[in-house]
Amino acid sequence: MLCGNRNGDLICLMCFSVMFAGVATEPVRRPPPTFEIIEKGNYLNFSASAPESTVPHCWKYVFQYRKCNEEQFTVYANEDDGWSVQVQYDAACKYIVQVQAKYDTRYCGEIEQDSDVSDPVYFGQNGDPNLPSKVAMIAIPVILCFCLIVAIVLFRRHKEKFLPKVPTPSNFFKDMFDSNKEMTKSLNVGEIYVPNEEVVEEVHVEPTTSHLSEYNQ
């Protein structure tokens with residue numbers, strides 16, 4: 001109704017200008033950044049593309065991930081981190097990762113809006129959480145049996161070293177006597193002379209009768 005006259009046309013033009021100006025100045029929501037998951041030893045690197053912005057220091061990336069159906073973890077990356085972050089890797093778990101770019105409106109104003117959350121990216125597979133204990137239950141008895149067999153074989157092969165024969169006392173003295181004989185022969189020493197026992201005859205002296213008769217007279 002106001003647009004039917006000159007003043008009304010001016011008012012309508014001003015209203016449309018304000019409306020279009022408001023639409024033009026409204027921040028545009030960016031698409032989520034693209035990223036990839038790289039395995040490096042015992043760690044995973046979440047590496048994302050840099051934001052297409054003249055003020056990259058106003059942005060930070062929020063990575064949200066889950067593993068083995070556990071609770072959600074949140075880590076952050078910015079320009080100083082090279083838009084990547086490193087987390088501990090569990091090979092027995094499946095990782096589900098998403099990222100969102102957030103704009104710092106506190107220090108950089110409300111020129112930009114946060115991006116949408118990316119679609120989830122999956123890495124790895126969920127393993128059996130009881131697998132290490134099962135492997136240990138099988139491997140430990142096998143290793144013990146193998147070690148026992150090896151010990152028995154080595155013991156039988158080197159039995160004389162572990163259990164030397166103890167000589168009997170009679171054999172010990174016999175060997176010692178024989179060794180003394182051999183030592184005597186080696187020194188060229190003859191056998192010790194042992195004199196034979198001499199037979200001594202007893203002599204009894206009896207007085208003659210002639211001497212006795214003279215004595216009586």
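Keep in mind that what you see is a predicted model, and the values were worked out from it rather than measured.

**Student:** What am I meant to see in unusual backbone geometry here?
**Tutor:** A negative phi holds for most residues other than glycine; trans holds for most peptide bonds. The phi dihedral of Asn69 falls on the positive side, at around 60°, and the residue is not glycine. With respect to the helices, strands and loops of the structure, Asn69 is situated in the loop between β3 (59–67) and β4 (73–77). In this structure, Trp83 takes a positive phi of about 60° despite not being glycine. Take Trp83: it is sitting in the loop between β4 and β5 (84–88). Judged by relative accessible area, which is 7%, Trp83 ranks as buried.

**Student:** For this particular structure, what's the right way to read the packing of aromatic side chains?
**Tutor:** For any pair of aromatic rings, the description rests on two quantities: the centre-to-centre distance and the angle between the ring planes. In the structure shown here, the tally under the stated rule is nine aromatic pairs. Ring geometry for Tyr61 and Trp83: centres 4.7 Å apart, planes at 40°, overall tilted. Remark: Trp83 occurs in the loop between β4 and β5 and Tyr61 occurs in strand β3; sequence separation between them is 22 residues. Residues Tyr61 and Trp83 agree in their burial class; the two are buried.

**Student:** So what exactly am I meant to see when it comes to a nonpolar patch on the surface here?
**Tutor:** Residues Met137, Ile138 and Val142 make up a contiguous nonpolar surface patch of about 350 Å² in total accessible area. Note on placement: Val142 falls in helix α3 (residues 131–157).

**Student:** What's the story with the side chain of Ser115 in this structure? I'm lost.
**Tutor:** Structurally, Ser115 can be placed in the loop between α2 (105–108) and β7 (121–123). Here Ala101 takes part through its backbone nitrogen, which lies 2.8 Å from a polar atom of the side chain of Ser115. Dropping the residues within four chain positions of it, Ser115 is found in contact with Arg29, Arg30, Pro31, Pro32, Pro33, Gln100 and Ala101.

**Student:** Where do I start with the sheet that holds strand β2 (residues 43–48) in this structure?
**Tutor:** Backbone hydrogen bonds are what pair the strands of a sheet, in a parallel or an antiparallel way. Spatially, β1-β2-β5 is the arrangement adopted by the three strands of the open sheet, whose pairing is antiparallel. The open sheet is flanked by β1 (35–40) and β5, the only strands paired with a single partner. Here the average twist between neighbouring strands, direction ignored, is 20°.

**Student:** Where do I start with the state of the cysteines in this structure?
**Tutor:** Chemically, a disulfide is nothing more than a covalent bond linking the sulfur atoms of two cysteines. Tallied over the full model, the rule gives two disulfides. Residue pairing for Cys58: its cysteine sulfur links by disulfide to Cys108, the two sulfurs lying 1.9 Å apart. Here the S-S torsion is close to -85°, and the disulfide linking Cys58 with Cys108 is therefore left-handed. On the criterion of sequence distance, the pair formed by Cys58 in the loop between β2 and β3 and Cys108 in helix α2 is long-range, its members being 50 residues apart. Residue classification places Cys58 among the buried residues on the basis of a relative accessible area of 3%. Here Cys68 pairs with Cys93 through a disulfide, and the sulfurs are 1.7 Å apart.

**Student:** I'm lost on the pairing of β5 in this one. Help?
**Tutor:** Within a regular strand, side chains alternate between the sheet's two faces. Judged by which residues are buried, β5 turns out to be one-sided: Val85 and Val87 face inward and are buried, whereas Ser84, Gln86 and Gln88, on the alternate face, are not. Looking at chain direction, β2 and β5 are connected through five bridges and run antiparallel. By the bridge assignment, Asn45 is partnered in β5 with Gln86.

**Student:** Is there a simple way to explain the nonpolar core in this structure?
**Tutor:** Most often, soluble globular proteins have nonpolar side chains that are buried together. With 24 residues, the main nonpolar core has Leu44, Phe46, Phe63, Tyr95 and Val97 as its most contacted residues. Counting only elements with at least two residues in this core, the list comes to β1, β2, β3, β4, β5 and β6 (95–103). Per-element accounting of this core gives the leading share, five residues, to β6.

**Student:** Mind showing me how you'd approach the confidence of the model for the protein here?
**Tutor:** Predicted coordinates in areas of low pLDDT are best not read in detail. Averaged over every residue, the pLDDT of the protein is 77; the share at 70 or more is 61%. Under a pLDDT of 50 for its full length, residues 1–8 has, in the predicted model, seven contacts with residues more than four places off or in other chains.

**Student:** Where do I start with the sheet that holds β6 in this structure?
**Tutor:** Pairing in this open sheet of four strands is antiparallel, and the strands run β4-β3-β6-β7 from one edge to the other. Here the strands that pair on one side only, and so sit at the sheet edges, are β4 and β7. Going across the sheet, the axis of each strand differs from the next one's by a mean of 30°, ignoring polarity. Here β6 runs beside β7; their pairing, made up of three bridges, is antiparallel.

Cut-off values and rules
- Residues numbered from 1 in each chain as written.
- Predicted model: local features only at pLDDT ≥ 70, side-chain atom pairs only at ≥ 80, totals over all residues.
- Heavy atoms only, no water.
- Helix = DSSP H or I, 4+ residues; strand = E, 2+ residues; numbered from the N terminus.
- Buried < 20%, exposed > 50% of the residue type's maximum accessible area, 1.4 Å probe, protein only.
- Phe/Tyr/Trp six-rings, centres within 6.5 Å; stacked < 30°, edge-to-face > 60°.
- Patch = residues over 30% accessible without salt bridge, like charges linked within 9 Å, V, L, I, M, F, W, Y side chains within 5 Å.
- Areas by Shrake-Rupley, 256 points an atom, 1.4 Å probe, with all protein chains shown as cover.
- Salt bridge = Lys/Arg side-chain N within 4 Å of Asp/Glu carboxyl O.
- Polar contact = N/O pair within 3.5 Å; in protein donor to acceptor, adjacent residues only side chain to side chain.
- Contact = heavy atoms within 4.5 Å.
- Pairing = 2+ DSSP bridges.
- Axes fitted to C-alpha atoms, helices over the stretch in contact; angles between N-to-C directions.
- Disulfide = S-S within 2.5 Å.
- Core = buried A, V, L, I, M, F, W, Y, C linked by side-chain atoms within 4.5 Å.
- pLDDT = per-residue confidence, 0-100.

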